[in-house]
Amino acid sequence: MQPLNAEKTYLITGGAGFIGFFLSKALLKKGARVIGFDNMNDYYEVSLKEDRLAILKKEEGYTFIKGDLADKEGLQALFQRYRPEIVVNLGAQAGVRYSIDHPDAYMESNIMGFFQLLEACRAFPVEHLVYASSSSVYGANDKIPFSTKDQVDQPVSLYAATKKSNELLAYAYSKLYHIPTTGLRFFTVYGPFGRPDMAYFKFARKIMEDQPIQIYNYGEMYRDFTYIDDIVTGVENLLCNPPALDAKGAAYKIYNIGNNKPEKLLDYIEILEKCLGKEAKKEYLPMQPGDVPRTYADITELMEDFHFKPSTTIEEGLSRFAEWFKEYYHYAI
């Protein structure tokens, strides 16, 4: 396994996003050159993205460019100017439920945007393209834990369908144009500076404002919650380790990155209450369309190839999140 090379130029799309922010910080700390790219859309509060960027822009070696992945000319001009050796695609329209009412955003960003990124990597060859997939591709898979060897041909949301499409497109470009690609199926990432559309973030806000929280499937939900620091370490491990050619001539790999330990949602909420110092008012509801009752990551390949396993407990992770959340939003008990 090759260590991370600080002499490389790293392009991180979705650079003002949650994972993009923390990955950029980690790479900059090691002395790497980082190009951040983001369209700064208003899917959630833009001020949070701006605050993340303000921190990154203080670091030597960081450059930010506002742009859209679907803009072919703009994206190719970026590649021509900066010639990134390693690309990490975290830029996508996120959210399972949002995809039900806003399908166009997903087709534009997740399909056309990813296609244009692949085209840029073809025109200006890169050493490694790492891209965010999602645990959502497993749909309502009954077999647990979820393995990258499982069939994932029955998505239960448009978001999941776009992420599976990314994996298929990446394979085709890897085989046809010899672009080494690695897809990462993230499992419920959480932590400070996180995404306000995520359930834990919404819960925290409603708890602090004495509003009821909505708990779907009457609480019978399990999630493989993964703390942001573990996600970043997992991504860092493989950036300079592109996959080798397989028997069919494609340098292509998929990994799960999850905590490998699903937690019951009600237990997660109870720990969040303790960390915030306040009890939640709970409203129990049936399952929502596009949602799944359980996620559970099989990370055998990640452990075998990189000797890495996420280690942050939900008690540690939620404590850090709650401390940041109360300070950032000026909540007081």
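This text follows the structure it describes.
Below is a short write-up of the structure. (Residues numbered from 1 in each chain as written. Predicted model: local features only at pLDDT ≥ 70, side-chain atom pairs only at ≥ 80, totals over all residues. Heavy atoms only, no water.)

Its volume calculated, the second largest pocket comes out at about 360 Å³. Lining the second largest pocket are 16 residues, and of these Thr-148, Lys-149, Arg-185, Tyr-252 and Ile-254 sit closest to its centre. When residues of the lining of the second largest pocket are traced back to their parent elements, those giving at least two are helix H6 (158-177) and strand E11 (252-257). In terms of residue count, the dominant contributor to the lining of the second largest pocket is H6 (four residues). The residue inventory of the lining of the second largest pocket, partitioned by class, reads five nonpolar, two polar and nine charged. (1 Å grid on protein atoms, 1.4 Å probe; cavity = no way out; pocket = protein on both sides within 12 Å on 5 of 7 lines; lining within 4 Å. Points joined across faces, edges and corners; volume = space filled by probe spheres on them. Helix = DSSP H or I, 4+ residues; strand = E, 2+ residues; numbered from the N terminus. Nonpolar A, V, L, I, M, F, W, Y, C, P; charged D, E, K, R; others polar.)

What follows deals with the pattern of salt bridges. Inspection of every chain in the model, using the stated rule, returns 17 salt bridges. When the shortest N-O distance is used, the salt bridge between Lys-164 and Glu-167 registers 3.9 Å. Taken together, the residues span about one helical turn, with Lys-164 and Glu-167 both in helix H6 at a distance of three residues. In this structure Lys-164 comes out as buried when scored by relative accessible area, which is 18%. A salt bridge links Asp-197 to Arg-195; the shortest N-O distance between them is 2.6 Å. No difference in accessibility class separates Asp-197 from Arg-195, as the two residues are buried. Here the salt bridges share partners, and the residues they tie into one network are Lys-149, Lys-253 and Glu-301. (Salt bridge = Lys/Arg side-chain N within 4 Å of Asp/Glu carboxyl O. Buried < 20%, exposed > 50% of the residue type's maximum accessible area, 1.4 Å probe, protein only.)

The terminal C-alpha atoms of helix H1 (residues 18-29), which comprises 12 residues, lie 17 Å apart, in line with the 16 Å expected from a rise of 1.5 Å per residue. The buried fraction of H1 amounts to 10 of the 12 residues, a majority that puts the element mostly inside the structure. Here H1 has its buried residues at Phe-18, Ile-19, Gly-20, Phe-21, Phe-22, Leu-23, Ser-24, Ala-26, Leu-27 and Leu-28. A positive phi of about 90° marks Gly-31, the residue just after H1. (Expected span 1.5 Å × (residues − 1).)

This part takes up the sheet that holds E11. Taken together, the seven strands give an open sheet; going across it, the order is E3-E2-E1-E4-E5-E6-E11, and neighbouring strands pair in parallel fashion. Only two strands of the sheet have a single neighbouring strand rather than two, namely strand E3 (62-66) and E11. Strand-to-strand twist in this sheet, taken as the mean axis angle between neighbours without regard to direction, amounts to 20°. As paired strands, strand E1 (residues 9-13) and strand E4 (residues 86-89) are joined by four bridges and run parallel to one another. Bridge pairing in E4 places Thr-13 opposite Asn-89. (Pairing = 2+ DSSP bridges. Axes fitted to C-alpha atoms, helices over the stretch in contact; angles between N-to-C directions.)

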